[in-house]
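Here are the chains, one letter per residue:
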Amino acid sequence: MKETIAKYIEEIRATRIEEFKDRAAEVEQFRIKFLGRKGVMAELFEQFKALPNEQKKDMGVALNQLKAAATAKVEEFKNFVEQAEETGESHDLTLPSDFAPRGSRHVLSVVMNEIADIFARIGFTVEESVEIEDDWHLFSALNFPHDHPARDMQDTFFVEKEEGKTEVALRTHTSSVQVRVMETHKPPIRIIAPGRVFRNEAISARAHCIFHQVEALYVDRKVTFADLKQTLLYFAKEMFGEQTQIRLRPSYFPFTEPSAEMDISCNICGGKGCNICKGTGWLEILGCGMVDPNVLDACGIDSKEFTGFALGMGVERMAMLKYQIRDLRLYFENDLRFLHQFDNII
Ligand code: DAH
């Protein structure tokens with residue numbers, strides 16, 4: 001008998017009004033089943049009467065529990081039905097909510113935020129600007145010669161390109177933000193410009209027509225190449241770990257003089273040489289240099305009084321090296337199997 005009572009208590013506990021179709025009628029059926037004249041309680045009470053006296057005390061307690069459980073449940077159901085009628089709705093607010101899958105940041109946003117955080121710690125603020133740019137901000141103010149290949153149709157998506165008109169294009173690099181900031185701000189300037197850039201390239205594992213860059217610019221009195229070098233070293237260690245070493249190779253960009261490219265010691269093989277660093281122990285990371293005096297002057301900053309450094313890096317490449325992503329196309333395909341791998345990085 002004890003087991004029977006326990007079984008009924010469990011049944012009462014597990015009965016949910018949400019599963020009833022015709023609620024009022026089924027609540028009544030439930031009541032009759034347990035508390036009706038020929039119901040469970042009545043039947044058990046008959047059995048109880050026939051028990052030997054020494055078992056009666058225990059069983060009486062159990063029976064009372066069952067009755068209390070059934071009565072409370074009927075009460076709860078009736079209230080529920082009443083309330084649903086009053087409010088015209090029938091939601092049980094005490095039910096656990098449905099599982100809502102949580103989204104996560106895209107790995108490019110994560111890496112871009114990380115770069116911004118690293119520069120923020122040494123006083124750089126974030127500037128954002130337009131993605132459709134004119135020739136001046138994209139090329140001319142940045143000291144690009146008129147016949148420079150970067151202006152070519154092959155690289156640039158032109159929005160407007162008519163003889164005698166200002167050329168307008170999707171920006172091919174975030175260096176254009178340097179110009180916009182220098183034209184509107186007086187030194188000291190210490191900014192980074194993260195954003196999307198566009199180039200007319202065939203899409204492959206190693207190239208894409210849309211990608212992201214972060215540009216950094218520091219202009220003040222007496223900014224030197226040593227400041228640039230120290231900033232680069234700090235950035236590389238923060239981004240890729242304390243053991244990271246850097247090296248600078250002379251290079252050329254129209255808007256910096258002198259210009260350099262920075263490599264970091266390969267974080268995959270630790271500098272020994274592997275297929276990622278092509279056996280060299282070094283990975284190419286970014287372009288940089290001292291802002292060309294022509295650029296400062298073009299933007300209304302006196303190059304006799306001020307100097308500056310600039311650098312620019314590709315976010316996709318940073319993420320590739322940090323998370324060993326082998327194919328650029330993965331970033332834009334929105335394949336959940338790829339995206340979910342980064343759920344836990346913030
Ligand atoms: N704008 C260059 C590019 O898109 C990257 C770059 C190189 C930016 C050197 C700079 C720099 O600020 O100093 O390839």
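Above this text is the structure in question.
As the structure is a prediction and not an experimental result, all values here were calculated from the model.

Caption draft 1: Broad picture of the site of the ligand. H173, S175, R199, Q213 and E215 are the nearest of the 15 residues found near the ligand. In this structure, an oxygen atom belonging to the ligand sits 3.3 Å away from a side-chain N or O atom of Q178. Backbone polar atom of A310 to an oxygen atom of the ligand: 3.1 Å apart, as the coordinates give it. Bound to the protein, the ligand loses 88% of the 360 Å² it would expose on its own. Broken down by secondary-structure element, the contributors of at least two residues to the shell around the ligand are α7 (175-184), β6 (210-220), β9 (282-291) and β10 (307-314). Its residues assigned to classes, the shell around the ligand comprises five nonpolar, eight polar and two charged.

Caption draft 2: Region of the structure containing the side chain of Q178. Within the element layout of this structure, Q178 appears in helix α7. Taking relative accessible area as the criterion, Q178 reaches 1% and is therefore assigned buried. If sequence neighbours within four positions are ignored, Q178 has contacts with L142, E215, L217 and A310.

Caption draft 3: Quick peek at the packing of aromatic side chains. Enumeration according to the criterion identifies 16 aromatic pairs in this entry. On the basis of an interplanar angle of 75° and a centroid distance of 5.6 Å, the ring pair of Y323 and F342 is categorised as edge-to-face. Of this pair, Y323 sits in helix α10 (residues 315-323) while F342 sits in the segment after α12 (336-339), and the two are 19 residues apart along the sequence. Of the aromatic side chains, those joined through ring pairs into one cluster are Y8, F20, F30, F34 and F77. In this structure, K56 packs its charged tip against the face of F48, placed 6.0 Å from the ring centre. Seen from the ring of F158, K161 lies directly overhead, with NZ or CZ sitting 4.4 Å from the centre.

Caption draft 4: The pairing of strand β8 (residues 256-265), seen in detail. Burial analysis of β8 places eight of its 10 residues in the buried class, the great majority of the element. Relative to β9, β8 runs antiparallel, the two being bridged by eight bridges. The residue bridging S265 from the neighbouring strand is W282, located in β9.

Conventions adopted
The residue numbers shown here count from 1 along each chain, following its written sequence. With pLDDT at 70 or above as the cut-off, local features in this predicted model cover only qualifying residues; side-chain atom pairs require 80 or more to be listed or tallied, and sums for whole chains, interfaces and linings still use all residues. Note that water and hydrogens are dropped before the side-chain values are worked out from all heavy atoms of the structure. In this text, near means that some heavy atom of the residue lies within 4 Å of the molecule or strand in question. Pairs of N or O atoms are called polar contacts if they sit within 3.5 Å, as long as, within protein, a hydrogen donor faces a hydrogen acceptor (for residues adjacent in sequence, only side-chain-to-side-chain pairs). The accessible surface values rely on the Shrake-Rupley method and a 1.4 Å probe; as for residues, cover is taken only from the protein chains in view. Going along the chain from the N terminus, every DSSP run of H or I of four or more residues is numbered as a helix, and every run of E of two or more is numbered as a strand. Here the nonpolar group is Ala, Val, Leu, Ile, Met, Phe, Trp, Tyr, Cys and Pro; Asp, Glu, Lys and Arg are the charged ones; every other residue, Gly included, is treated as polar. Only protein chains enter the accessibility calculation, which uses a 1.4 Å probe; a residue is then buried when its area is under 20% of its type maximum, exposed when over 50%, and partly exposed in between. Every residue pair with non-hydrogen atoms within 4.5 Å of one another is taken to be in contact. To pair, rings of Phe, Tyr and Trp, with the six-membered ring standing in for Trp, must have centres within 6.5 Å; the planes then decide the type, stacked if under 30 degrees apart, edge-to-face if over 60, and tilted in the middle. In our convention, an over-ring charge means Lys NZ or Arg CZ found within 6 Å of a ring centre and within 35 degrees of that ring's normal. Each pair of strands is called paired provided DSSP finds at least two bridges between the two strands.

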